[in-house]
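As a plain string of letters, each chain reads:
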Amino acid sequence: MMGASSPGGAVGACPGRMHLMPWLFAAALASACTAESPPPIAACGALAAGRTVTPGGPPALADVWVGPSIVVAVGAAGTVGVRDDARAAWCWTVVDAATDWRAVWGSGDDDVWLVGTAGAVVHYDGTAFTPVAVGATAALAGVWGTGQDDVWLVGAAGTVRHFDGAAWASHDLAADQTLLAVWSASSDDVWIAGTEPAPYPGNPSYDGSSGIVYRWAPTTATWGLELRDTRYYGVASFLAPALP
């Protein structure tokens with residue numbers, strides 16, 4: 001677990017240890033706490049007050065999800081924080097230090113999903129974090145759902161996965177598309193957004209990129225393109241005037 005933040009923004013990696021600047025956190029996390037590994041979240045309720053930090057303690061948090069009685073925040077170097085309303089305090093741990101967690105979503109306090117780099121997916125059941133194989137290797141950037149039997153996740157290389165409560169299925173888009181967000185109003189109204197390259201016809205110097213939005217068509221189990229917003233870029237050369 002990590003210590004409380006110092007006034008200058010530094011973060012203590014372990015209780016009673018020297019404070020570390022935020023940019024050293026990722027590298028120092030594994031070595032600074034080798035003598036006292038972070039306990040699982042389930043053990044946080046029994047920890048002393050000195051083993052908790054206020055929000056903002058660990059650097060580089062990427063996403064947060066609010067449940068009925070817990071809040072889960074995720075970030076770089078495997079950082080995961082859980083705030084339990086009963087304790088009104090944050091508990092921090094590391095879930096796979098090699099992974100930068102990018103997004104978190106849950107249908108309830110005992111059904112929370114984390115996604116991150118290198119296709120990493122973890123499920124939190126309110127007690128333990130369990131790695132889940134979804135057949136992805138690219139970085140994942142978004143996760144959303146409507147219940148325990150309806151979860152979507154998206155990421156780089158056109159990665160799209162859906163969980164129906166029993167198994168994960170692939171609904172990938174083109175490999176050159178980077179998908180960044182997913183949202184759904186219901187199980188049959190799912191939207192994803194991202195970006196793709198936009199080659200300029202006849203002149204690669206002006207190649208650009210396109211913002212893309214897709215909508216799920218449940219009757220055909222396919223994605224329909226709703227929006228493509230393209231921007232091309234120019235390349236200019238400047239010659240400085242000769243000095244006298």
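Residues numbered from 1 in each chain as written. Predicted model: local features only at pLDDT ≥ 70, side-chain atom pairs only at ≥ 80, totals over all residues. Heavy atoms only, no water.

**Considering unusual backbone geometry**
Item 1. Backbone geometry places Asp96, a non-glycine residue, at a positive phi of 65 degrees.
Item 2. Within the secondary structure layout, Asp96 lies in the loop between strand E6 (89-94) and strand E7 (101-108).
Item 3. Here the phi dihedral of Ala221 falls at roughly 55 degrees; this positive angle occurs in a residue that is not glycine. (Helix = DSSP H or I, 4+ residues; strand = E, 2+ residues; numbered from the N terminus.)

**Concerning the pairing of strand E12 (residues 150-155)**
Item 1. Counting buried positions over the six residues of E12 gives six, a clear majority of the element.
Item 2. Where burial is concerned, the two faces of E12 agree: the one with Asp150, Trp152 and Val154 and the one with Val151, Leu153 and Gly155 are both buried.
Item 3. Taking the residues between adjacent antiparallel strands as the criterion, strand E11 (residues 140-147) and E12 are bridged by two residues.
Item 4. The pairing of E12 with strand E13 (residues 160-163) spans four bridges and is antiparallel. Bridging across to E13, Val154 finds its partner in Val160.
Item 5. Where E12 folds back on E13, the antiparallel hairpin that results is connected by four residues, among which Ala157 adopts a positive phi of roughly 60 degrees. (Buried < 20%, exposed > 50% of the residue type's maximum accessible area, 1.4 Å probe, protein only. Pairing = 2+ DSSP bridges.)

**Here's the deal with the nonpolar core**
Item 1. Formed by 28 residues in total, the largest nonpolar core has its most connected members in Val72, Val80, Trp101, Trp113, Leu114, Val143 and Leu153.
Item 2. At the level of secondary structure, the elements contributing two or more residues to this core comprise strand E4 (70-75), strand E5 (79-84), E7, strand E8 (111-116), strand E9 (121-124), E11 and E12.
Item 3. Apart from the residues within four sequence positions on either side, Val143 is in contact with Ala103, Val104, Trp105, Trp113, Val115, Val151, Trp152, Leu153 and Val182.
Item 4. Core analysis: the second largest hydrophobic core is formed by 12 residues, Leu179, Ile212, Tyr214 and Trp223 among them. (Core = buried A, V, L, I, M, F, W, Y, C linked by side-chain atoms within 4.5 Å. Contact = heavy atoms within 4.5 Å.)

**Things to note about the pattern of salt bridges**
Item 1. According to the stated counting rule, one finds five salt bridges in the structure shown.
Item 2. For Asp85, the salt bridge identified is with Arg83, shortest N-O distance 3.0 Å. (Salt bridge = Lys/Arg side-chain N within 4 Å of Asp/Glu carboxyl O.)

**Comments concerning the environment of Pro204**
Item 1. For Pro204, the location among the structural elements is in the loop between strand E16 (189-198) and strand E17 (208-217).
Item 2. Overall, Pro204 belongs to the exposed group, its relative accessible area being 63%.
Item 3. Taking the C-alpha atoms as reference points, Pro204 and Tyr233, separated by 29 residues in sequence, lie 9.6 Å from one another.

**Topic: the packing of aromatic side chains**
Item 1. The full count for this structure, using the stated rule, is 12 aromatic pairs.
Item 2. Ring centres 5.4 Å apart and planes at 70 degrees place the aromatic pair Trp152 and Trp223 in the edge-to-face group. One end of the pair, Trp152, is in strand E12; the other, Trp223, is in strand E18 (residues 222-231), with 71 residues separating them in the sequence. Comparing Trp152 with Trp223 shows no difference in burial state: the two are buried. (Phe/Tyr/Trp six-rings, centres within 6.5 Å; stacked < 30°, edge-to-face > 60°.)

**Regarding the pairing of E11**
Item 1. Here E11 pairs with E12 via six bridges, running antiparallel. Bridge pairing in E12 links Gly147 to Asp150.

**Focus: the sheet that holds strand E10 (residues 129-131)**
Item 1. In spatial order, the strands read E7-E8-E9-E10; together these four strands make up an open sheet with antiparallel pairing. Because the sheet does not close on itself, it has two edges, and the strands there are E7 and E10. Adjacent strand axes in the sheet meet at a mean angle of 20 degrees when their direction is disregarded.
Item 2. In this structure, E7 lies alongside E8, joined through six bridges in antiparallel fashion. Residue pairing across strands places Trp101 opposite Gly116, the latter belonging to E8. (Axes fitted to C-alpha atoms, helices over the stretch in contact; angles between N-to-C directions.)

**Overview of the confidence of the model for the protein**
Item 1. Per-residue confidence for the protein averages 78 on the pLDDT scale, and 71% of its residues sit at or above 70.
Item 2. The low-confidence segment residues 1-43 (pLDDT under 50) makes 74 contacts with residues lying over four places distant or belonging to another chain.
Item 3. Below a pLDDT of 50 lies the segment residues 45-56, which in the model reaches 24 contacts outside its immediate sequence neighbourhood of four places, other chains included. (pLDDT = per-residue confidence, 0-100.)

**Observations regarding a nonpolar patch on the surface**
Item 1. Residues Tyr200, Tyr206 and Tyr232 make up a contiguous nonpolar surface patch of about 290 Å² in total accessible area.
Item 2. With respect to the helices and strands, Tyr232 occurs in the segment after E18. (Patch = residues over 30% accessible without salt bridge, like charges linked within 9 Å, V, L, I, M, F, W, Y side chains within 5 Å. Areas by Shrake-Rupley, 256 points an atom, 1.4 Å probe, with all protein chains shown as cover.)

**Quick look at the side chain of His123**
Item 1. Its location among the elements puts His123 in strand E9.
Item 2. Only 2.7 Å separates the side chain of His123 from the side chain of Asp111, close enough to count as a polar contact. (Polar contact = N/O pair within 3.5 Å; in protein donor to acceptor, adjacent residues only side chain to side chain.)

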